[in-house]
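Inside the fold
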Amino acid sequence: MKMKLADIVFPGLLIAMSVLGLSECNKFTESAALLPRICLWILIALSVGIMLKALLRKEDKTIAFNWGRAGIIIAALILYVVIIPIAGYYAATVLFTFALMFAFGVRNKVILIAVPLGFALFVFLVFGQLLSLTPPKPFFM
Amino acid sequence: MLQNLLNGLSAILTLQNGLFMVLGTIIGILAGAIPGLSSTLAISLLVPITFVMDPLPALAMLAGIYNGGMYGGSISSILFNVPGAASATVTAFDGHPMAMNGRSARALQLAVLASFTGGIISVFALILLSAPLAKVVLAFGPAEYFWVAVFGISIVVSLSSEGMMKGLAAGVFGMVVSMVGMDPATAVPRFDFGNIYMSGGFQLTSILLGMFSIPSAISLLEEKFKGKIDLAEENKAEKVRLFSYWFRYWPNYIRSSIIGVIVGIIPAAGGNIASFVAYDTTKKLSKHPETFGKGEPEGVISSEAANNAVTGGSFIPLLTMGIPGSPAAAAIMGAFMVQGIILGPQLFTSNTKLVYGLMWSMLFTNIIMLFAGYYGAKVVRKALGVDKEVLAPLIFAFSVIGCYSIRNSMFDVRVMLIFGVIGFFMKKYGYPSAAFILGYILSPLLEENLQRVIQLTRGNVFSGKSGLFGSGLSWLMIALTVMSLVFPYIMSWIGKRKQAKGEQGIPEDD
């Protein structure tokens, strides 16, 4: 994405969020709404400033961004967080690390199997045994 | 103070603390050395674990990561010409040419000795300066604390490489996010949209991991690391004797360390600025400035001594005023908050063992770093070959379990994921995540004290002794705020002048 476009889209989102925030402020008491209002107006002013600066800028640069790779990673992360309460942390983690490594070109079978299982064992020993913390369990347990 | 130092020493000298300091230092060196990772990321990942640990070993481990990470950045700088951390950028100017000429072992050892010297001198500065400063801060009332928070937030300006407005926008965005939950004065729920989980606000660990660890891990996979080992055969005939360098170049070690300490005390003026200033000073004082940039050992020394001297210096505003002056310090502040410890001058009277124990841990982790760096350079060199495709999924999985374990809550994990994605785009388009974190952390301090000033002055905040401008200390903090806003422009002006003379500029700090 071009920097100029990004400098219009991102502040635009901040302005939208600030407007929503300002309308929410009407539900608070005066003292509770004071600082949020100040901050949201400052945020709107800064966002407008960034937008204007971008519009007035003559030169533009392209930010190197692989949308495909970033999309796969973010989708995998969302799926991982959704699956954890269903399959439990250990099963979901083994599946997630294996799938992500495979998707990004790791083909060494030993690494593909040993790393997810070794990591799950490490978490079990450190979090489960040493620190007595319980990772998320599957829904049926 | 001597009694406090002895109490701190007796507290830190346990086997458990020793093990955590060694572990932290090694993790820090590895995290600093691997391009794409950083000590801030490593500290953020381990903050959730410190929740179940005693405070001192937890903080000693994080101090080790901070120190080790500062040195670790020099390894990839020297070997690959790819700084593991921004603070090691200047190290590459002479370190990499040395490696290309078959003197990588010498360059690495110069770097570790310089890092050690800088670190030790900064610890002495921390011990000598923080207690007197804490006494001054004890006199602060709500108005002064309000300005302390404003001063801290003003630091965000210097954290953005893409201009002041983006740094400020990120900082104010962080402040707004911190307002989700109960109002600190009246307990009125704000911005919770009727969601019971949001009424309590967001956990700091979710935000820290979201802003620091997830974007770094996404970037590891999204952009491929292009560094490769392409060094000349090591010159084995050149004998390496570690401390002989110190006696030969001692004025440079001392001078650069002092520069690092001074720069470190100024919040946000981090390791990269310190190393740049020290390098420039050494070059100007040198009898043979033409050798700089071509493998001059003094260049490596000045850069590394200065950037490691920043660590102790940056702890001074953190411990005395609760201002995290650097991203790594903000992450360490997260560990204090997870432990329920409030930073500020009271810490020096209520928790002396912890404060002075932490100072000792800074000293000991520097010694550990010296030995680990000297004897472990070859191991670290091998660790640099770890595939990012293997590392990144593990960072994600570790972040998830760390975030979950604080409150056994999947809501916290979802918050981390959302802020991770936001943080990734912010990083990509020049909005510094460190500025967001500073805003997030300092906003409650600012709001609570503003509310107190309003109550004390019955709404007339601009007049009276309790008002915002009623004391000399308030004006001092206002002056510091103005300085912190102007400082980046002065540095940028100096940088541009240097660039015009054919020199290189300053990158964004780690």
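1. Remarks on the overall build of chain B
Tallying secondary structure elements over chain B gives 19 helices and two strands in all. Out of the 510 residues in chain B, the part that is buried amounts to 64%. Restricting the contact set of chain B to residue pairs at least 6 apart, pairs at least 24 apart contribute 80%. Element-wise, carbon and sulfur atoms account for 65% of the exposed surface of chain B, whose accessible area totals about 18400 Å².

2. A few points about the overall build of chain A
Of the regular secondary structure elements, chain A holds five helices and zero strands. What you see in chain A, going N to C, is helices and strands ordered as α-α-α-α-α. In terms of overall dimensions, chain A is more spread out than a globule: its C-alpha atoms have a radius of gyration of 23 Å, far above the 14 Å expected for 141 residues. With the C-alpha coordinates aligned to their principal axes, the bounding extent of chain A is approximately 55 × 45 × 25 Å. Sorting the 141 residues of chain A into buried and exposed places 43% on the buried side.

3. Description of the packing of aromatic side chains
All names here are of chain B. One pass over the full model with this rule turns up 31 aromatic pairs over all chains. Taken together, a centroid distance of 5.5 Å and an interplanar angle of 80° make the contact between F93 and Y279 edge-to-face. Taken together, the residues span a long stretch of sequence, with F93 in helix 5 (residues 89-100) and Y279 in helix 11 (residues 271-285) at a distance of 186 residues. There is no split in this pair, since F93 and Y279 are both buried. Arranged with centres 5.1 Å apart and planes meeting at 15°, the rings of Y197 and F411 form a pair that is stacked. Of this pair, Y197 sits in the loop between strand 2 (189-190) and helix 9 (204-222) while F411 sits in helix 17 (residues 410-428), and the two are 214 residues apart along the sequence. F411 sits in the buried class, given a relative accessible area of 11%.

4. Considerations on the state of the cysteines
All names here are of chain A. Counted by the stated rule, this structure contains zero disulfides over all chains. Sulfur of C25: no disulfide; nearest cysteine sulfur belongs to C39 and is 9.6 Å away. Judged by its relative accessible area of 0%, C25 is buried.

5. What to know about the interface of chain B and chain A
With 54 residues of chain B at the interface, the matching set in chain A holds 62 residues. A buried area of about 5200 Å², summed over both sides, lies between chain B and chain A, and 83% of it is on carbon and sulfur atoms. Between chain B and chain A we count one salt bridge in total. Across the pair D7(A) and K166(B) runs a salt bridge whose closest N-O atoms are separated by 2.7 Å.

6. Here we look at the domain arrangement of chain A
Annotation of chain A at the domain level lists domain 1 (3-56) and domain 2 (67-130). Between the C-alpha centres of domain 1 of chain A and domain 2 of chain A the distance comes to 37 Å.

7. Remarks on the pattern of salt bridges
Scanning the entire structure with this criterion turns up ten salt bridges over all chains. Here R190(B) makes a salt bridge to E447(B), at a shortest N to O gap of 2.7 Å. With R190(B) in strand 2 and E447(B) in helix 18 (residues 433-456), this residue pair connects regions lying 257 residues apart in the sequence. Between R452(B) and E448(B) there is a salt bridge, with the nearest N and O atoms lying 3.9 Å from each other. Of this pair, R452(B) and E448(B) both sit in helix 18, four residues apart, roughly one helical turn. Assessed through its relative accessible area of 41%, R452(B) is described here as partly exposed. The network of salt bridges with shared partners includes D7(A), R57(A) and K166(B).

8. Side note on the side chain of S314(B)
Residue and element names in this part refer to chain B. With respect to the helices and strands, the residue S314 is situated in helix 12 (residues 297-321). You can call S314 buried: its relative accessible area is 4%. If we ignore the near neighbours within four places in the chain, the residues touching S314 are Y66, G264 and S326.

9. Quick word on the nonpolar core
Side chains of a nonpolar character, in soluble globular proteins, are inclined to be buried together. In this structure, F202(B), I207(B), L319(B), F336(B) and F396(B) are the most contacted members of the largest nonpolar core, which totals 206 residues. Membership of the second largest hydrophobic core comes to five residues, among which are V90(B), F93(B), Y279(B) and F292(B).

10. Regarding the side chain of S178(B)
Residues and elements named next belong to chain B. Along the chain, S178 turns up in helix 8 (residues 164-178). The exposure class of S178 is buried, given its relative accessible area of 17%. The contact partners of S178, leaving out residues within four places of it in the chain, are Y440, S443 and P444.

11. Observations concerning the packing of helix 2 (residues 15-33) of chain B against helix 4 (residues 55-80) of chain B
Relative orientation and spacing of two packed helices are given, respectively, by the angle between their axes and the distance between those axes. Residue and element names in this part refer to chain B. Where helix 2 contacts helix 4, the axes come no closer than 5 Å and their chain directions differ by 30°. Taken together, the axes of helix 2 and helix 4 are roughly parallel relative to one another. Classified by chirality, the crossing of helix 4 by helix 2 is right-handed. Broken down by class, the residue content of the contact of helix 2 with helix 4 amounts to 13 nonpolar, twelve polar and no charged.

12. A closer look at the packing of helix 3 (residues 39-50) of chain B against helix 13 (residues 327-338) of chain B
Residues and elements named next belong to chain B. Axis separation between helix 3 and helix 13 bottoms out at 9 Å; the angle between their running directions is 0°. When the axis of helix 3 is compared with that of helix 13, the two are roughly parallel. On the side of helix 3, the interface is formed by T40, I43, S44, V47 and T50, while helix 13 contributes P327, A328, A331, I332, G334, A335 and V338. Of the residues contributing to the contact of helix 3 with helix 13, the split by class is eight nonpolar, four polar and no charged.

13. Quick look at a nonpolar patch on the surface
Residues I78(A), V82(A), I86(A), F139(A), F140(A) and M141(A) make up a contiguous nonpolar surface patch of roughly 700 Å² in combined accessible area. Along the chain, F140(A) turns up in the segment after helix 5 (109-130).

14. Some words on the environment of M100(B)
All names here are of chain B. Within the fold, M100 resides in helix 5. Taking relative accessible area as the criterion, M100 reaches 35% and is therefore assigned partly exposed. Taking the C-alpha atoms as reference points, M100 and G295, 195 residues apart in sequence, are found 8.8 Å from one another.

15. Quick look at unusual backbone geometry
Residue and element names in this part refer to chain B. A positive phi angle is found at N408, which is not glycine, with a value near 50°. Note that N408 resides in the loop between helix 16 (388-407) and helix 17. Residues other than glycine seldom take positive phi values, yet R458 does so here, at roughly 50°. With respect to the helices and strands, the residue R458 is situated in the loop between helix 18 and helix 19 (472-500).

16. Observations concerning the confidence of the model for chain B
Residues and elements named next belong to chain B. Averaged over all residues, the pLDDT of chain B equals 83, while 88% of them reach at least 70. Element-level mean pLDDT values for chain B span from 78 in helix 19 up to 93 in helix 17. Low pLDDT, under 50, characterises residues 505-510; the predicted model gives this stretch 24 contacts beyond four residues in sequence or across chains.

The rules behind the values
Residues numbered from 1 in each chain as written. Chains lettered and ligands numbered in written order. Predicted model: local features only at pLDDT ≥ 70, side-chain atom pairs only at ≥ 80, totals over all residues. Heavy atoms only, no water. Helix = DSSP H or I, 4+ residues; strand = E, 2+ residues; numbered from the N terminus. Buried < 20%, exposed > 50% of the residue type's maximum accessible area, 1.4 Å probe, protein only. Contact = heavy atoms within 4.5 Å. Areas by Shrake-Rupley, 256 points an atom, 1.4 Å probe, with all protein chains shown as cover. Rg over C-alpha atoms; globule rule 2.2 N^0.38 Å. Phe/Tyr/Trp six-rings, centres within 6.5 Å; stacked < 30°, edge-to-face > 60°. Disulfide = S-S within 2.5 Å. Buried area = accessible area lost by both parts, 1.4 Å probe. Salt bridge = Lys/Arg side-chain N within 4 Å of Asp/Glu carboxyl O. Domains from an automatic or database assignment. Core = buried A, V, L, I, M, F, W, Y, C linked by side-chain atoms within 4.5 Å. Axes fitted to C-alpha atoms, helices over the stretch in contact; angles between N-to-C directions. Parallel < 35°, antiparallel > 145°, perpendicular 65-115°, else oblique. Left-handed = near helix turned anticlockwise from the far one by under 90°. Nonpolar A, V, L, I, M, F, W, Y, C, P; charged D, E, K, R; others polar. Patch = residues over 30% accessible without salt bridge, like charges linked within 9 Å, V, L, I, M, F, W, Y side chains within 5 Å. pLDDT = per-residue confidence, 0-100.

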